[in-house]
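Working through the structure, step by step
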Amino acid sequence: MGQDMRVTGVRMDERHVLRMLELGIRAGGLVRVTQRSNFGGRVIAIGTGRIAVDAATAQSITVRPAEPNTHGEQS
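Conventions adopted
Residues numbered from 1 in each chain as written. Predicted model: local features only at pLDDT ≥ 70, side-chain atom pairs only at ≥ 80, totals over all residues. Heavy atoms only, no water. Core = buried A, V, L, I, M, F, W, Y, C linked by side-chain atoms within 4.5 Å. Buried < 20%, exposed > 50% of the residue type's maximum accessible area, 1.4 Å probe, protein only. Helix = DSSP H or I, 4+ residues; strand = E, 2+ residues; numbered from the N terminus. Contact = heavy atoms within 4.5 Å. Pairing = 2+ DSSP bridges.

Looking at an unreviewed UniProt entry, the protein chain carries the name Lactaldehyde dehydrogenase, with the source organism given as Bifidobacterium boum.

Given below as structure tokens:
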């Protein structure tokens, strides 16, 4: 929680993957979990925006830690 993560994939049917793309959740993108709910949901920061996802959606998004930015660029 609170750490930048790089999205590596979204395991959902095509219709839901398209919705994730609309929300900015895509392979290669940066996300950060800002809050957890009691039932497994998450609030995810994407850039300056925030979205809430349920537990099943959160589990379908695969991530890895984002590499530190050493060149002064935005990731």
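**A short note on the nonpolar core**
The biggest cluster of nonpolar side chains holds 10 residues, and these are Met5, Val7, Met20, Ile25, Val31, Ile44, Ile46, Ile51, Val53 and Ile61. Contributing elements (two or more residues each) for this core: β1 (5–10), β3 (42–46) and β4 (49–53). Once residues lying within four places of it in the same chain are set aside, the contact partners of Ile44 are Val31, Arg32, Gly49, Arg50, Ile51, Val53 and Ile61.

**Comments concerning the pairing of β4**
Sheet analysis places β3 next to β4, joined by 5 bridges and oriented antiparallel. Bridging from a neighbouring strand, Ile46 pairs with Gly49 of β4.

**Overview of the environment of Val10**
For Val10, the location among the structural elements is in strand β1. Residues Val10 and Met20, spaced 10 residues apart in sequence, show a C-alpha to C-alpha distance of 8.1 Å. Excluding its chain neighbours within four sequence positions, the residues that come into contact with Val10 are Val17, Met20, Ile25 and Ser60.

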